[in-house]
Amino acid sequence: MNEATIAKIKERLASLRKLPGIGEKSVAQVLEEHGFTRRDFLKWSAAMAVMLGLPTKFSPLIAEAAEVSDRLPVVWLHLAECTGCSESLIRNDSPTIDNIIFNFINLQYHDTIMAAAGWQAEENYEEALEKFAGRFVLCVEGGVPTKDGGEFLTIGPNAETGLEKLKRTAAKAAAVISVGTCSSFGGIQAAAPNPTGVKGVYQVINKPVINVPGCPPSAKNIVGTILYVILFGALPAVDNFNRPKFAYGLRIHDLCERRGHFDAGEFVEQFGDNGAENGFCLYKVGCKGPYTFNNCSRERFNQHTSWPVQAGHGCIGCSEPDFWDSMAPYEEPLANHKFASASVDATADKVGATILTVAGVAIVAHAALSAIKNPKE
Amino acid sequence: MAKRVVIDPITRIEGHLRVEVVLDENNVIKDAYSSATLWRGIEVILKGRDPRDAGFMTQRICGVCTYSHYKAGIMAVENALGIEPPLNAKLTRSLMNMALFFHDHMVHFYQLHGLDWVDIISALKADPKKASEEAFKYVPKGYNPIATGEDELREVQKRVAKFAEKGDLGPFKNAYFGHKTMKFTPEQNLIALSHYLKTLEIQRIAAQAMAIFGGKNPHPQSLTVGGVTCTMDLQDPSRLGEYLQKFQILADYANRAYYADLAMAAEAFRNEPSVTQKTNLGNFLTYREHQVGANKWLFDACGYIKNHDLSKFYEIDESKIEEDVTHSWYKDTGFRHPYDGETVPEYTGYVDGKSIDGKGNEVDTKLANPNGKYSWVKSPRYDREPMEVGPLACMVVNYAKGNEKVRKVVDEFLAQTGLPAEALFTVLGRTAARMLQTKVIADYGLEAFNNLVENLKSDKSTVAPYKIDPNKEYKGRYIGDVPRGMLSHWCRIKNGKIENWQAVVPSTWNAGPADGNGKKGAYEANLIGMKLADPTKPLEVIRSIHSYDPCIACAVHVMDVKGKKLGEFKVDPLYGAC
């Protein structure tokens, strides 16, 4: 991160300032009206900088980006999904403040939230595509059914397939963000035998796509990615699966609170046993933390209330491609897994591999002790 | 001449739904078609997998009722294997479930359904002082209203006024504000608008309440076949304290805002025919839910009523549950019990036709084929009759059965609003029932918490051990009542793998197309006879559909490619027939 980068960001923010916003108030002003001081806001900006993996000197720029965030038109498209990602965003990981950011992006279309329906909703959609052509961010929730022309999903009075609608919309978008594992990699409906031919968004459009997987992803990762786009006017650095490194750079295992027990060889052997009472490592009851890149162990969920490993259940690997097939059964160790898989980003892997050197040996040892079963064999 | 109005997408729901109505010259609905436009096929994906994984996969049927299918998937396997989880696990599951109900019902009423009742623009004309005084009229006895102080209302108004002055209303753009069937006064709109904003905060607390024992929300991850994994959290008094505190905040909000706003709606909308027209479908089906003690449930009825008759309660016979696909995009198999379900997709698409658009023009569009197939949703039937499921069914069936807790809250609400019991069988009543269900949980749900604390003194167990014998065949089911109504999951296990899985979900009961006997499901049946003030702005239709809280991803799960005869269904003695 050098001065040239900062200059580039400043230039980007200046250009954003010139765009029309939805309100006259900046986010900082709105926050003040809700009892947040300028100081709170700057504190939040600093925290976001840390989360995005930026030096703290970037935090004023993040504050500035948040202030002009209402200039960023967002169109949110639902395809084959369960709405868990939208729900995650609504719950929000950082209380109130992210929610306000969410409200104060220029949300043009989001069918779970918007007031309009039917023809009026369609009108909003087409208008957003025209008015903000080349400028809006397209967030996609859900996988894309492609079998038989994609007939398993139609949207709108003319029964346009989700596939057609996605292609048409993506062609006009400034950036495309796949929110969640379904839009990133196909998700549950793409699990074997994938009866509707579901694919990830990046597989059906000709544009760079940033993947924010997770089932669902934490609100922080969604908001962080959108904020990055506002800040840099570009997509963040990504790994081989196009996941932002700031969120998916480390394995769950790397920062796990039960890691000490793993290193000490203390394991839960069965749910509900003494090991479970003492918070031992969940590897032997199937935790996929060593193979899963995400920041759950650091960021947790629902305002840091908990995360699956704290609640005594192992990670199921939900931010990895094909995890529904490759990580199952979820309650058995995945002993012989390629935790240094060639498909995983080289840099992230190097970091992870170093941390995991000792762990790797331990995993192999445990693997030898565990009966390995494949659910689909 | 008959006119058709196509509404696609129905927004502010989970999933993809289209509704079409046929109007006569007076804009009265003569016919209606409900069409789900997405199919995902999760059950076929379940086949051949480890039964212990089923809960995680069924959970992904829906991210809104995020816990319902998880619990159902786990409990169907437990039922099949004959496992009885420890009481601690059962009660912990209930606590998570109650958090879900608070979350789901409140978000539905304010964020999803609210904009069908509340005119945000009208709220700007309100007198905040008058509104603040008015808010006291609707809370239950012994409570004061919340988030309706004069200063708070003034701030809400200022905030929204700024927003409305701009050309671009963002997510509120192009709504049906100013519609003739909007009946709240400006002051009432302002009260509701303040609660719309406040609920965004409250719902986060509900999500946290679930995450304490669930690890996260949506898609919690602490259930396992045999029990729960949050062993440490249950032994941590501060964790229990956190739950208690959050429950109390939610219960308080249910009384001081949610209950009050429904009482207010009951008064304002009592003369609006589109929300007080009696439902055309008079059959209501429900099942027990919310275990609060070793053998005690908050809603204990497992049965139904017929023809709006609150005086007769009938027990459910599970063998009479069937699904039909005459008008669904699957190969026709006639009526089938879920254990014998067969589902081969057979998409025939829509037909060319015309619809009145948002500007009043008749335009070319696609239409559901009334003589053919037109939805990805199947049509479940009980004893060959369509049934409504959901909170209204839960309330009226429990009322008919004589459930004292339900009787108390329903009678009090009717007395306060001056409405007759008949008023329950309406769009307004359906929306009120969701609130009344929440109130029962708010008022009595902590019994589960207290019993859990009591039990933990002498019993620490959280998981029951079990073994899956690969040489044995198992079958079992879960039936319960989730936020959208009666849910059942049916499974068969063979060679240690899932051989068959079927889910019959609430939105399928309500949203399904007509069956082979021409009988319409709840959505379609209840639109007929409703008059639209303006066909270009079909708010009445949207309000009616939203009153069911549609969850279409749930409804389009259904798939079993092979569909073999699974033999006679027998109720597991462990769970009994309730």
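Residues numbered from 1 in each chain as written. Chains lettered and ligands numbered in written order. Predicted model: local features only at pLDDT ≥ 70, side-chain atom pairs only at ≥ 80, totals over all residues. Heavy atoms only, no water.

Student: What exactly am I supposed to notice about the overall build of chain A here?
Tutor: In terms of regular secondary structure, chain A is built from 17 helices and 9 strands. By residue count, 67% of the 377 residues in chain A fall in the buried class. In chain A, 75% of the contacts between residues at least 6 apart in sequence involve partners at least 24 apart. (Helix = DSSP H or I, 4+ residues; strand = E, 2+ residues; numbered from the N terminus. Buried < 20%, exposed > 50% of the residue type's maximum accessible area, 1.4 Å probe, protein only. Contact = heavy atoms within 4.5 Å.)

Student: When you look at the overall build of chain B in this model, what are you seeing that I'm missing?
Tutor: Regarding its fold elements, chain B presents 19 helices and 17 strands. Each principal axis of the C-alpha atoms in chain B carries an extent, and together these give about 70 × 60 × 45 Å. Counting the 578 residues in chain B, one finds 70% classified as buried. Restricting the contact set of chain B to residue pairs at least 6 apart, pairs at least 24 apart contribute 75%. Side-chain charges in chain B split into 74 positive and 72 negative, and the spacing between the mean points of these groups amounts to 2 Å. (Lys, Arg positive; Asp, Glu negative; His and termini not counted. Charge placed at Lys NZ, Arg CZ, Asp CG, Glu CD.)

Student: Would you explain the UniProt feature "binding site: Ni(2+)" (unreviewed entry) in chain B in this entry?
Tutor: Residue and element names in this part refer to chain B. Annotation from UniProt places "binding site: Ni(2+)" (unreviewed entry) at C65 and C551. Taken together, the annotated residues stretch across 487 residues yet fold into one region, lying no more than 8.5 Å apart by C-alpha. Looking at the element boundaries, C65 is found in the loop between α2 (54–59) and α3 (68–81). The class for C65 is buried, based on a relative accessible area of 4%. Mapped onto the elements, C551 comes out in the loop between α18 (539–546) and α19 (552–555). Residues within four places of C551 in sequence aside, it is in contact with E14, C62, C65, R484 and S507. (UniProt positions renumbered as here; feature names shortened; annotations may be inferred.)

Student: Sorry if this is basic, but what is going on with the interface of chain A and chain B here?
Tutor: A common way to report how large an interface is uses the accessible area buried once the components associate. Across the boundary between the two partners, chain A contributes 91 residues, which contact 94 residues of chain B. Here chain A meets chain B over a buried area of about 7,900 Å², counting both sides, of which 53% is carbon and sulfur. On inspection of chain A and its partner chain B, the count reaches 5 salt bridges. Linking chain A to chain B there are 47 residue pairs in polar contact (both at pLDDT 80 or more). Listing elements by their share of the side of chain A that touches chain B, those giving two or more residues are α5 (84–91), α6 (97–104), β2 (106–110), α7 (118–131), β5 (154–155), α13 (274–277) and α15 (323–326) of chain A. When its residues are assigned to classes, the side of chain A that touches chain B shows 41 nonpolar, 33 polar and 17 charged. (Buried area = accessible area lost by both parts, 1.4 Å probe. Salt bridge = Lys/Arg side-chain N within 4 Å of Asp/Glu carboxyl O. Polar contact = N/O pair within 3.5 Å; in protein donor to acceptor, adjacent residues only side chain to side chain. Nonpolar A, V, L, I, M, F, W, Y, C, P; charged D, E, K, R; others polar.)

Student: Can you help me understand the packing of aromatic side chains in this one?
Tutor: Two measures describe an aromatic ring pair: the distance that separates the ring centres and the angle between the ring planes. All names here are of chain B. By the definition in use, this model includes 35 aromatic pairs over all chains. With centroids separated by 5.7 Å and ring planes inclined at 20 degrees, the aromatic side chains of W39 and W376 adopt a geometry described as stacked. Pair noted here: W39 is in the loop between β3 (29–36) and α1 (42–46) and W376 is in the loop between β13 (362–367) and β14 (379–382), with a separation of 337 residues, a long-range link. Across this residue pair, the class does not change: W39 and W376 are buried. Judged by centre distance (5.2 Å) and plane angle (20 degrees), the ring pair of Y304 and Y314 falls under stacked. On the criterion of sequence distance, the pair formed by Y304 in strand β9 (residues 303–305) and Y314 in strand β10 (residues 314–315) is long-range, its members being 10 residues apart. The class of Y304 is buried, set by a relative accessible area of 9%. The class of Y314 is partly exposed, set by a relative accessible area of 28%. (Phe/Tyr/Trp six-rings, centres within 6.5 Å; stacked < 30°, edge-to-face > 60°.)

Student: Help me understand the nonpolar core, please; the structure alone is not making it clear to me.
Tutor: The nonpolar side chains of a soluble globular protein tend to be buried, and buried together. Grouped together as the largest cluster of nonpolar side chains are 195 residues, with contacts concentrated most on W324 of chain A together with F102 of chain B. The biggest single contributor to this core is helix α10 (residues 237–268) of chain B, with 17 residues. Taken together, domain 1 (72–244) and domain 2 (255–327) of chain A each give at least three residues to this core, which thus spans both. Among all residues touching W324 of chain A, those that are not within four sequence positions of it are G187, I188, A191, C215, I316 and Y330 of chain A together with R49, F56, M57 and R60 of chain B. By size, the runner-up hydrophobic cluster in this structure holds 28 residues, among which are M114, L138, V140 and V144 of chain A. (Core = buried A, V, L, I, M, F, W, Y, C linked by side-chain atoms within 4.5 Å. Domains from an automatic or database assignment.)

Student: I tried to follow α3 of chain B on my own but got confused; where do I start?
Tutor: Helical geometry note: an α-helix holds 3.6 residues per turn, so side chains three or four residues apart project in the same direction. All names here are of chain B. Here α3 spans 20 Å end to end across 14 residues, near enough to the 20 Å set by a 1.5 Å rise per residue. A large share of α3 lies buried, amounting to 14 of its 14 residues. Just downstream of α3 lies G82, where phi reads positive at about 75 degrees. (Expected span 1.5 Å × (residues − 1).)

Student: Mind showing me how you'd approach the pairing of β14 of chain B here?
Tutor: Every other side chain in a regular strand lies on the same face of the sheet, so the side chains alternate between the two faces. Residue and element names in this part refer to chain B. Of the two faces of β14, the one carrying S379 and R381 and the one carrying P380 and Y382 are both buried. Sheet topology note: the strand β11 (residues 321–324)/β14 ladder contains 4 bridges and is antiparallel. Directly across from D324, in β14, lies its bridge partner S379. (Pairing = 2+ DSSP bridges.)

Student: Sorry if this is basic, but what is going on with the UniProt feature "binding site: [3Fe-4S] cluster" (unreviewed entry) in chain A here?
Tutor: Residues and elements named next belong to chain A. The residues that UniProt annotates with the feature "binding site: [3Fe-4S] cluster" (unreviewed entry) are C296, C315 and C318. Spatially, the listed residues are clustered: although they cover 23 residues, their C-alpha atoms lie within 10.8 Å of one another. Checked against the element boundaries, C315 lands in the loop between α14 (296–299) and α15. Judged by relative accessible area, which is 9%, C315 ranks as buried.

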